[in-house]
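# Breakdown of the fold
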Amino acid sequence: MRGNSKLSPSPNPLPSREGGISVIPAKAGIHLCFLFLFSFFSSTTFAIQPAVVSAHPEASQVGLEILKKGGSAADAAVAMAFALSVVEPHHSGLGGGGFLLYYVAKEDRFYFIDYREAAPQILQPKVSKKAIKPNADFEKGVASVGVPGFILGMETIHKKWRKVSWPAVIDPSIELAKKGFLTDSEMKRLLGDASASLPPKLDFTDLARTLENIKTGGSWVFYQGELGTQLVSFLKEQGGLITSSDLKNYKVYFRKPYTFDHGAYQVVSAGAPSSGGTGMDILFKRAVIYELKKQAPNTTRFFELLIKSFHDYFDFRDIALGDTPNNIISHTTHLCAVDSEGNIASMTNTLNSPFGSGLILPHTGIILNNELADFSAQTNSANRLRGGFRPLSSMAPTLVFKDKKPFLALGTPGGLTIPQNLFQVLYLFLDEHIPLNRSVAYPKIYFSPKTREVVLEKGFPKKMLSWFKENYEIREENTIGNVEALVFRGDKTTVVTDPRGQGRGLILN
Ligand code: GLU
């Protein structure tokens, strides 16, 4: 399970301001890598010290090896994404999608790549989810599967910014699928959890063969070739709606990132079809309006204003962007990479729910997403289900620049909690000057006006908890999110991973 035990109170609570109820941070910085120490003594000739971070040590190792071979940050990100499809098959993979935010140093330019899953063309606008297929369950199972974007996404990113070959970014994952790896406690828990919609057969030999096929035939095998044909006939058999023309017509888009300034910082994050960038922008602007800075971050007044800001954000989101089901459990993955030229990748991938739709394409190891669950059930919503459209996301791969120079790369899983979580991390770090590892570890809160429930992460002191209980409808969650981050100071890179997960950062010296 994601580090419940790691969230026990730390012997080093945050220094509290006078009169405040002290919030005891979760155990901080246990993953703040040893490598940080190693890197401290190294001499570098890089624009920025190359580094990777991901939610799984095996995937990070794969990314580091790619950097060692002279791969770009994009190569390392793609290789880690493929590796995560093997070692974290419940969070992301070939049957899913995601977003990449990429900074190209020599162009001083940001790219936002959208390879999110799309609704099948057959779905017409202005019909409710129920009217399309009266008994269809768009939350789980076959009707919830969106056209997967992962494979074309990875190929597109690799083709645009490659420094190493396509086989080089896939081979390590084939190796992992063949030789096996240690199953982490979270995967073990999910494997034993029926509500996680475990695919009936998760066969890594199948997955290895599929990866071999993609290595040889590229995305074509999935969108036009044998794998695609298999997918369409399997879904048809099951009563699904995706056709071969949906696959052929699937596109990866280079979109505009969402950018805003916060004091000396420029925050660059996910634009449409994600609400991530907008969300953080609104929250930072609210922080200024509500003069959050006047409150110590461990006081009840601080949390009162924070919840008010969350309320404002959702008011805007629901009207302007469309509502989404209240999905807040973490089952997505974030990774970052930086190469010797200073190119930076911040990438978030997902299947939506743990193991997506719970369906696996037989004999392929491809777990199919349930991303259509992210569409609104309302026919008048801006986020209503429509053929070819992509559902509104909250995923927010983010980069922060200071004085036009790279400062931070980060992201997290957590569905609707993502913008709120990243805002809390960034606010504590940028505005309160709390070290990033402690800002990440600090217990988080989430609020949705729809349920009017304040979701509290474990770790709040009793006194604070009673205050929340007196004033709000509350629910406690073991953990919210799993942040992975890189910090750039001059040419030095440091890594911060979340004590809630088992992420690892590695720095190339
Ligand atoms: N499907 C969600 C989204 O795009 C991500 C799922 C999660 O992070 O839990 O916002």
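Details of the structure are given in the entry above.
So, here's what we can say about the structure.

Rules used throughout
Residues numbered from 1 in each chain as written. Predicted model: local features only at pLDDT ≥ 70, side-chain atom pairs only at ≥ 80, totals over all residues. Heavy atoms only, no water. Salt bridge = Lys/Arg side-chain N within 4 Å of Asp/Glu carboxyl O. Helix = DSSP H or I, 4+ residues; strand = E, 2+ residues; numbered from the N terminus. Buried < 20%, exposed > 50% of the residue type's maximum accessible area, 1.4 Å probe, protein only. Pairing = 2+ DSSP bridges. Near = heavy atom within 4 Å. Polar contact = N/O pair within 3.5 Å; in protein donor to acceptor, adjacent residues only side chain to side chain. Nonpolar A, V, L, I, M, F, W, Y, C, P; charged D, E, K, R; others polar. Contact = heavy atoms within 4.5 Å. Axes fitted to C-alpha atoms, helices over the stretch in contact; angles between N-to-C directions. Phe/Tyr/Trp six-rings, centres within 6.5 Å; stacked < 30°, edge-to-face > 60°. Lys NZ or Arg CZ within 6 Å of the ring centre and 35° of its normal. Parallel < 35°, antiparallel > 145°, perpendicular 65-115°, else oblique. Left-handed = near helix turned anticlockwise from the far one by under 90°. Expected span 1.5 Å × (residues − 1). Arc of directions from axis to C-beta.

If charged atoms from side chains of opposite charge come close, those side chains can pair. Considering all chains together, one arrives at 19 salt bridges under this definition. Residues Lys68 and Glu65 are paired through a salt bridge, measuring 3.5 Å at the closest nitrogen-oxygen approach. Taken together, the positions of Lys68 and Glu65, both in helix 2 (residues 57-68) and three residues apart, correspond to about one turn of that helix. Judged by relative accessible area, Glu65 falls into the partly exposed class, the value being 32%.

Most of strand 8 (residues 344-350) sits inside the fold, with seven of its seven residues counted as buried. Residues Ile344, Ser346, Thr348 and Thr350 point to one face of strand 8 and Ala345, Met347 and Asn349 to the other, with burial holding for every one of them. One ladder, built from seven bridges, connects strand 2 (residues 97-104) with strand 8; its direction is antiparallel. Looking at the pairing, Leu101 lines up with Ser346 of strand 8. Bridge analysis of strand 7 (residues 332-338) against strand 8 gives seven bridges, and the strand direction is antiparallel. Bridge pairing in strand 8 places His334 opposite Thr348.

The immediate surroundings of the ligand are formed by 16 residues, with Thr332, Glu371, Asp374, Ser393 and Gly415 found nearest. A distance of 2.6 Å separates an oxygen atom of the ligand from a polar atom in the side chain of Thr332. Ser393 is positioned such that a nitrogen or oxygen atom in its side chain is 2.7 Å from an oxygen atom of the ligand. Partitioned by chemical class, the residues of the shell around the ligand number four nonpolar, nine polar and three charged.

Let's shift gears to the environment of Gly63. One can find Gly63 in helix 2. Each C-alpha atom, one on Gly63 and one on Leu335, is 9.8 Å from the other, the two residues being 272 residues apart in sequence. Not counting the four nearest positions on each side in its chain, Gly63 is found in contact with Val52, Ala76 and Met80.

A few words on the sheet that holds strand 14 (residues 453-457). Spatial strand order, 13-14-15: three strands in an open sheet with mixed pairing. One side of each edge strand has no neighbouring strand; the edge strands of this open sheet are strand 13 (445-448) and strand 15 (473-477). In this sheet, adjacent strand axes meet at a mean angle of 25° when their direction is disregarded. Taken together, the five bridges between strand 14 and strand 15 define a ladder with parallel strand orientation. Counterpart to Val455 in the pairing with strand 15 is Arg475.

As summarised here, the arrangement of the seven strands in space is 4-3-2-8-7-1-18, forming an open sheet in which the pairing is antiparallel. Two strands in the sheet have a free side with no partner beyond their single neighbour: strand 4 (253-255) and strand 18 (504-507). Shown here is a sheet whose adjacent strand axes are inclined to one another by a mean of 15°, direction ignored. By the bridge criterion, three bridges tie strand 1 (residues 51-54) to strand 7 in an arrangement that is antiparallel. If you follow Val53 over to strand 7, its bridge partner there is Cys336. Contacting strand 1, strand 2, strand 7 and strand 8, helix 3 (residues 73-87) runs over the sheet at an angle of about 155° to strand 7.

Glancing now at the environment of Met347. Among the secondary structure elements, Met347 is positioned in strand 8. Met347 sits in the buried class, given a relative accessible area of 0%. Between the C-alpha atom of Met347 and that of Ser54, which follows or precedes it by 293 residues, the distance is 9.6 Å. The contact partners of Met347, leaving out residues within four places of it in the chain, are Ala77, Ala81, Phe99, Leu100, Tyr115, Met154, Ile157, Thr333, His334, Leu335 and Pro397.

Let us look at the packing of aromatic side chains. Summed over the entire model, instances satisfying the criterion amount to 28 aromatic pairs. With centroids separated by 4.4 Å and ring planes inclined at 40°, the aromatic side chains of Tyr102 and Trp161 adopt a geometry described as tilted. Of the two residues, Tyr102 sits in strand 2 while Trp161 sits in helix 5 (residues 150-161), which places them 59 residues apart along the sequence. A single burial state applies to Tyr102 and to Trp161, both of which are buried. A cation over a ring is seen here: Arg386 above Phe389, with NZ or CZ 4.0 Å from the ring centre.

A word on the packing of helix 13 (residues 300-321) against helix 16 (residues 462-471). Contact pair helix 13 / helix 16: the axes reach a minimum separation of 11 Å and the direction vectors enclose 45°. Judged by the inter-axis angle, helix 13 sits oblique to helix 16. Between helix 13 and helix 16 the crossing geometry is right-handed. Here helix 13 contributes Thr300, Phe303, Glu304 and Ile307 to the contact with helix 16, which in turn contributes Met464, Trp467 and Phe468. Grouping the constituent residues of the contact of helix 13 with helix 16 by class yields five nonpolar, one polar and one charged.

What you see with strand 1 is no split at all: Ala51 and Val53 on one side and Val52 and Ser54 on the other are buried throughout. Here strand 1 runs beside strand 18; their pairing, made up of four bridges, is antiparallel. By the bridge assignment for strand 18, Ser54 is matched with Arg504.

Attention shifts here to the packing of helix 3 against helix 6 (residues 166-179). When two helices pack together, you describe them by how their axes are tilted relative to each other and by the distance separating the axes. Two numbers describe how helix 3 lies on helix 6: the axes approach to 9 Å, and their chain directions differ by 20°. Judged on the interaxial angle alone, helix 6 and helix 3 are roughly parallel. Crossing angle aside, the handedness with which helix 3 passes helix 6 is right-handed. Here helix 3 contributes Asp75, Val78, Ala79, Phe82, Ala83, Val86 and Val87 to the contact with helix 6, which in turn contributes Trp166, Val169, Ile170, Ser173, Leu176 and Ala177. Across the contact of helix 3 with helix 6, the residue classes tally to 11 nonpolar, one polar and one charged.

Turning to helix 10 (residues 226-238), a few remarks are in order. Here helix 10 spans 18 Å end to end across 13 residues, near enough to the 18 Å set by a 1.5 Å rise per residue. Among the residues making up helix 10, those that are buried are Leu227, Gly228, Leu231, Val232, Phe234 and Leu235. Buried residues of helix 10, viewed axially, fall in a sector of 165°; they line one side. Of the exposed residues in helix 10, the ones pointing more than 90 degrees away from its buried face are Glu226, Thr229, Lys236 and Glu237. Where helix 10 is buried, its residues meet helix 8 (204-217), helix 9 (220-223), helix 11 (244-249), strand 9 (359-361) and strand 10 (366-368).

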